[in-house]
Amino acid sequence: PGAGPTAMRRILPADMVERGRCPFDPPPGLRARRGQGTVQPLPLLNGAQAWLVTGFEEARTVLSDARFSADKVRHRDATSLQPYEVTEMAATTPEPDTTLAGREDGFFVFMDPPEHTRIRRLLTGQFTVRRMRALESRVTEIAIEHVEAMKAAGTEADLVPAFALPLPSLVICELLGVDYADRAEFQERTAVGLNANATDEERAVAGAELYAFMQRLVADKRANPADDLLSGLVHDADPPLTDAQLVDVALVLLGAGHETTANMLGLSTFALLEHPDQLAAMRDDPTRIDNAVEELLRYLTIIQLGVSRVTTEPVTLGGADIPAGATVVIATPEVNRDPRHWPNPDRLDVHRPRTPHLAFGHGVHQCLGQQLARVEMQIGLRELITRLPNLRLAVPAEQVPLRDEMLIFGVHSLPVTWA
Ligand code: HEM
């Protein structure tokens, strides 16, 4: 789980990865490209050439036009940026598969229709209104439990391990149907992938253990079906998914739904503490929180350069001629600040009218868990700011360690106090 810290650094210039003076603004190297065309050549450090999309409309085209493929397993070349942990998956398929034979894995994030459609439909069938409602009340319980535990333990905490990480992790447990007894093991394994200090070896070991954990979970759901999403996938799919595919699907849900939400919770809190007027507006009128979450998603856009596609044929877009087989990277943080779409795009403004943004992507791969992510953020932030009215940073803002080496931006830790 989680993109390792090295992949981005190996191929991208430092000023496109590291944040400048303001930790919430896109990196200066990315910002400097504003106004230089909505689709630009992106020379990579390994000598290869990719393309960078900074315009909102152009990004929507890339994400909805079948000439841009998400199938980086089949079209994989040495230059592609690997979102989430496709690197690990790619390691198991040493040669790009150009035979166009059917895919047998379950990494649907990297599939095109119709292979993608089949698994995606199965999943949307499991994200039922009833199940989401039940999850909502669990999210509330989990959020309250964790804020109250922080209060009971003193007047200072690191918000990441105390709140931002366990909340989405426990929600994924609910979704997959991980037993209470197994949750500590599950959380321990997944946390390693998010720990910047973990060595490659520790990551590999945790990854293998997590894989084995998911295998046991799938076997258990096959033998003892319960009322959870994974059981539904095991038993409702016709034709059935293989156990290996089910493990992959479970790993995708974990990888896509855990690190993202955890970082949005941590970084949103940091941003609000640095914009006290915006925080006050939310506290004064909690009905503003839903809108505020949408603005935080836009303003913070934590998936830095992680949404990418590969062209299946030559395409002209935004005045640029992109050849076939090229990697096209969406500069999501810039796209969500396209001045043609938002007045004063660099301002965090929780009063801003709600308009579509690309924080959850667009098109057939648009975030499957977006409603759940919204609920986790709305409830999580609400409980946090209302139960801790004196919440503030416990260190100067410059000392908050940023995850700018990761595909998913955020904070490694967030020392806070509420004395
Ligand atoms: C896809 C963002 C939370 C599950 C995506 C994509 C983005 C995204 C940008 C599109 C990737 C692409 O097109 O290449 C986020 C953010 C989140 C979040 C910012 C938190 C604030 C979640 C949660 C879940 C989830 C909670 C599940 C429980 C998925 C899945 C996909 C996806 C399964 C792949 C869908 C597909 O390929 O059809 N997410 N996500 N995400 N997300 Fe999320």
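Where an unreviewed UniProt entry is consulted, the protein appears under the name Cytochrome P450, with the organism given as Streptosporangium fragile.

K.L.:
I'd like to hear about the packing of helix α6 (residues 129–153) against helix α8 (residues 166–176), residue by residue, with values.
P.N.:
As a packed pair, α6 and α8 sit with axes 10 Å apart at the nearest point and diverge in direction by 145°. The handedness of the crossing between α6 and α8 comes out as right-handed. Residues L135, R138, V139, I142, A143 and H146 of α6 form the contact with α8, whose own contacting residues are P166, L167, L170, V171, E174 and L175.

K.L.:
For the sheet that holds strand β9 (residues 392–393), give the residues involved together with the corresponding values.
P.N.:
Strands sit in the order β4-β10-β9 across an open sheet of three strands; the sheet is antiparallel. This sheet does not close on itself; its edge strands, each paired only once, are β4 (156–158) and β9. When β4 meets strand β10 (residues 415–417), the two strands line up antiparallel, connected through three bridges. Residue pairing in the sheet places A157 in a bridge with V416 of β10.

K.L.:
Requested: an account of the confidence of the model for the protein, with residues and values cited.
P.N.:
In this model, the protein carries a mean pLDDT of 89, and residues with pLDDT of at least 70 account for 92%. Predicted confidence for residues 81–100 stays below pLDDT 50, and this span has 35 contacts to residues more than four positions away or in other chains. Complex prediction metrics read pTM 0.93 and ipTM 0.99.

K.L.:
An account of the environment of P114 is needed here, citing residue identities and associated values.
P.N.:
Mapped onto the elements of the fold, P114 is located in the loop between α4 (86–91) and α5 (115–126). Along the backbone, P114 and V395 are 281 residues apart, and their C-alpha atoms lie at a distance of 50 Å.

K.L.:
I'd like a rundown of the sheet that holds strand β1 (residues 39–43), residues and numbers included.
P.N.:
The pairing of strands in a sheet happens through backbone hydrogen bonds and is either parallel or antiparallel. The strand order β1-β2-β8-β5-β3 describes an open sheet built from five strands, whose pairing is mixed. Of all the strands in the sheet, just β1 and β3 (68–69) have a single pairing partner and so form its edges.

K.L.:
Tell me about the site of the ligand, and please be specific about residues and values.
P.N.:
Among the 24 residues in the neighbourhood of the ligand, the closest are listed as A256, G257, G361, C367 and G369. Elements that contribute at least two residues to the shell around the ligand include exactly α12 (243–257), α13 (259–274) and α17 (370–387). The leading source of residues in the shell around the ligand is α12, at four residues. Each residue belonging to the shell around the ligand can be placed in one class, and the counts come to 17 nonpolar, six polar and one charged.

K.L.:
Account for the pairing of β1, naming residues and giving values.
P.N.:
Strand direction decides the pairing type here: β1 and strand β2 (residues 49–53), joined by five bridges, are antiparallel. Residue pairing in the sheet places Q40 in a bridge with L52 of β2. Linkage of β1 to β2, two consecutive antiparallel strands, is achieved through a turn of five residues, within which G47 is found at a positive phi near 90°.

K.L.:
I'd like to hear about the pairing of β2, residue by residue, with values.
P.N.:
Counting buried positions along β2 yields four of five residues, so the element is predominantly enclosed. Where β2 meets strand β8 (residues 327–330), three bridges bridge the pair, whose relative direction is parallel. Among the inter-strand pairings, W51 is bridged to a residue of β8, identified as V328.

K.L.:
So what's going on with the nonpolar core? Which residues, and what values?
P.N.:
The biggest cluster of nonpolar side chains holds 116 residues, and the ones touching the most others in it are W51, V53, V171, L176, A250 and V329. Residues within four places of V53 in sequence aside, it is in contact with T38, V39, E58, A59, V62, V328, V329, I330 and A331.

K.L.:
Account for helix α9 (residues 183–194), naming residues and giving values.
P.N.:
Every α-helical turn comprises 3.6 residues, leaving residues that sit three or four positions apart pointing alike. Between its terminal C-alpha atoms α9 stretches 17 Å, which fits the 16 Å expected from twelve residues at 1.5 Å a residue. Listed as buried for α9 are F186, R189, T190, A191, V192, G193 and L194. Close packing links the buried residues of α9 with α8, α10 (200–223), α12 and α13.

K.L.:
Tell me about the environment of R374, residues and numbers included.
P.N.:
With respect to the helices, strands and loops of the structure, R374 is situated in helix α17. Measuring from C-alpha to C-alpha, the distance between R374 and P28 comes to 29 Å, with 346 residues separating the pair along the chain.

Calculation rules
- Residues numbered from 1 in each chain as written.
- Predicted model: local features only at pLDDT ≥ 70, side-chain atom pairs only at ≥ 80, totals over all residues.
- Axes fitted to C-alpha atoms, helices over the stretch in contact; angles between N-to-C directions.
- Helix = DSSP H or I, 4+ residues; strand = E, 2+ residues; numbered from the N terminus.
- Left-handed = near helix turned anticlockwise from the far one by under 90°.
- Contact = placed C-beta atoms within 7 Å.
- Pairing = 2+ DSSP bridges.
- pLDDT = per-residue confidence, 0-100.
- Near = placed C-beta within 6 Å.
- Nonpolar A, V, L, I, M, F, W, Y, C, P; charged D, E, K, R; others polar.
- Buried ≥ 20, exposed ≤ 12 C-beta atoms within 10 Å, placed from the backbone.
- Core = buried A, V, L, I, M, F, W, Y, C linked by C-beta atoms within 7 Å.
- Expected span 1.5 Å × (residues − 1).

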